[in-house]
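The residues making up each chain are set out below.
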Amino acid sequence: MAEVAIIGSGAVGVACAGSVLRQGLASRLVFYDRKGERALGEALDFQHAGPLLPDCAVEGRPLTEATPADVAVIAAGRPPEAGADRMTVIDGNLEVAGEVAETLAAAVPRVAIVISNPVDVLTEFFTRAWGPRGVNVFGTGTSLDSWRLRELLAARLRVHPGSVHAWVIGEHGMSAVFPFSVARVGPFPLRDFADRRGRGLDEAAIAEEVRRAGPRVHELKGSTSSAIALTAARLAAHVVREHGAIVPVSVRVDEGLCASLPAELGPDGAGPALMPELEEAELTAWERSLDVLRDPTARIDGH
């Protein structure tokens, strides 16, 4: 069983911890935060429910007292304001990322899963900071977008989401790419299956609904936490025990640039990015999505 560190004890970090604990993914879980008392308080809150959870030691410490973990979930930083683009928090969250990377210099994890926004830029930041030290870094990227897409397609086609194999790639944001040409339902290409069922799919409308899903939740409740926490826990599960799943996550896809492509997850983290065979329009959208990320990623050099 693994030791899991939750870096950042805000709403998302706490939700991630709850998902990890309920699924029995860790033998030891440690909250870390700039404010040690906040981390300790969150740990005590879960300790009090210990009899209701799978066996796991839960602790809380200031960031300065971090020790190496098998898996660290990086949830430190501020979310964007409701309705605002993720890139609006880039400078502040790069500063926080710099503090985390420096403070954990003597206690780097084996695998780091980045959630903090903008996730592709922050994933590149930690890849540069920790990758040379042997840390496998990947971000949640479009994994949640892909599960949203599968759920939506399943509802449209009236099948179980587990029978839908569809992915979102590129930026976790408005330039995300939807390669419907490689999507399948069971053994059938998505478009063929939809025709068999007599259910036309407005692919552009479906893509837009998925893109707007997170911002819509943010507008309604002021934040997003539950779905991304379950996503992070699922990714951690593939690292800890359910090896071999191929999931779109944010990894290095070009020189100095991270974005989402399918990658195999296992005990050593995410494997190399796997590029699907795209139609020409999808390939153009992919290149455009990478271009959207280049200028924000270049701001890493100023931090």
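Thresholds applied
Residues numbered from 1 in each chain as written. Predicted model: local features only at pLDDT ≥ 70, side-chain atom pairs only at ≥ 80, totals over all residues. Heavy atoms only, no water. Helix = DSSP H or I, 4+ residues; strand = E, 2+ residues; numbered from the N terminus. Rg over C-alpha atoms; globule rule 2.2 N^0.38 Å. Buried < 20%, exposed > 50% of the residue type's maximum accessible area, 1.4 Å probe, protein only. Contact = heavy atoms within 4.5 Å. Areas by Shrake-Rupley, 256 points an atom, 1.4 Å probe, with all protein chains shown as cover. Lys, Arg positive; Asp, Glu negative; His and termini not counted. Charge placed at Lys NZ, Arg CZ, Asp CG, Glu CD. Axes fitted to C-alpha atoms, helices over the stretch in contact; angles between N-to-C directions. Parallel < 35°, antiparallel > 145°, perpendicular 65-115°, else oblique. Left-handed = near helix turned anticlockwise from the far one by under 90°. Nonpolar A, V, L, I, M, F, W, Y, C, P; charged D, E, K, R; others polar. Pairing = 2+ DSSP bridges. Polar contact = N/O pair within 3.5 Å; in protein donor to acceptor, adjacent residues only side chain to side chain. Expected span 1.5 Å × (residues − 1). Arc of directions from axis to C-beta.

Caption draft 1: Looking closely at the overall build of the protein. The number of helices and strands found in the protein is nine helices and twelve strands. Here the protein has a C-alpha radius of gyration of 19 Å; the compact-globule value for 303 residues is 19 Å, and the two agree. Oriented by its inertia axes, the alpha-carbon framework of the protein measures out at about 55 × 45 × 35 Å. Within the protein, buried positions represent 52% of all 303 residues. Look at the contacts in the protein between residues 6 or more apart in sequence, and 69% of them connect residues 24 or more apart. Carbon together with sulfur atoms contributes 51% to the accessible area of the protein, which is approximately 13400 Å² in total. If the 30 positive side-chain charges of the protein are averaged to one point and the 40 negative ones to another, these points end up 5 Å apart.

Caption draft 2: Just the side chain of Ser143, in detail. Along the chain, Ser143 turns up in helix α5 (residues 143-157). Beyond its immediate sequence surroundings of up to four residues, Ser143 is in contact with Thr231, Leu235, Val247 and Pro248.

Caption draft 3: Region of interest: the packing of helix α4 (residues 119-130) against helix α9 (residues 280-298). Where α4 meets α9, the axes come as close as 9 Å, and the angle between the chain directions of the two elements is 55°. In terms of their interaxial angle, α4 and α9 are classed as oblique. Seen from above, α4 lies across α9 with right-handed handedness. Only Leu293, Pro296 and Thr297 of α9 make contact with α4, whose side of the interface consists of Asp120, Val121, Glu124 and Arg128. For the contact of α4 with α9, the per-class residue count stands at three nonpolar, one polar and three charged.

Caption draft 4: Fine view of the sheet that holds strand β8 (residues 184-185). Read from one edge to the other, the open sheet built from three strands follows the order β7-β8-β9, with strand pairing classed as antiparallel. At either end of the open sheet lies a strand with only one pairing partner, and these are β7 (164-165) and β9 (188-189). Sheet topology note: the β8/β9 ladder contains two bridges and is antiparallel. Bridging from a neighbouring strand, Val185 pairs with Phe188 of β9.

Caption draft 5: Structural detail: the side chain of His238. Mapped onto the elements of the fold, His238 is located in helix α8 (residues 226-240). A polar contact of 3.0 Å, which involves the side chain of His238, links it to the backbone oxygen of Glu242. Non-local contacts of His238, meaning those with residues more than four positions away in its chain, are made with His243, Ala245, Val247, Leu265 and Gly266.

Caption draft 6: Spatial organisation of α5. Here α5 contains 15 residues, and its C-alpha end-to-end distance of 21 Å stays within 8% of the 21 Å for a straight helix at 1.5 Å per residue. The buried fraction of α5 is high, at eleven of 15 residues. Regarding α5, the residues found buried are Ser143, Leu144, Asp145, Ser146, Arg148, Leu149, Arg150, Leu152, Leu153, Ala154 and Leu157. Buried positions along α5 lie against β7, β8, α6 (190-197), α7 (203-221), α8 and β10 (246-254). Arg158 occupies a position one or two residues after α5 and carries a positive phi of about 60°.

Caption draft 7: Looking closely at the packing of α5 against α7. The interhelical angle for the contact between α5 and α7, taken along N-to-C directions, is 130°, at an axis separation of 10 Å. Comparing their axes, α7 and α5 come out oblique. Judged by the sense of rotation from one axis to the other, the crossing of α5 with α7 is right-handed. Across from Asp145, Arg148, Leu149, Leu152, Leu153 and Arg156 in α5, the residues of α7 making contact are Ile206, Glu209, Val210, Ala213 and Gly214.

Caption draft 8: A look at the pairing of strand β11 (residues 257-266). The buried fraction of β11 amounts to nine of the ten residues, a majority that puts the element mostly inside the structure. By the bridge criterion, eight bridges tie β10 to β11 in an arrangement that is antiparallel. Residue pairing in the sheet places Ser250 in a bridge with Ser260 of β11. Counting the residues that bridge the hairpin from β10 to β11 gives two residues, and of these Gly256 lies at a positive phi of roughly 65°. Inspection of the sheet shows β11 paired to strand β12 (residues 269-270) by two bridges, in the antiparallel sense. Bridge pairing in β12 links Gly266 to Gly269. Hairpin connection, β11 to β12: the antiparallel pair is bridged by two residues.

Caption draft 9: Just helix α3 (residues 90-103), in detail. Taking 1.5 Å per residue as the helical rise, α3 with its 14 residues ought to reach 20 Å, and the 20 Å between its terminal C-alpha atoms agrees with that figure. Buried residues of α3: Ile90, Asn93, Leu94, Val96, Ala97, Val100 and Ala101, and no others. Down the axis of α3, the sector holding all buried residues measures 160°, keeping them to one side. Of the residues in α3, the exposed ones pointing more than 90 degrees away from the buried face are Glu95 and Glu102. Elements that come into contact with the buried residues of α3 comprise β1 (2-7), α4 and α9.

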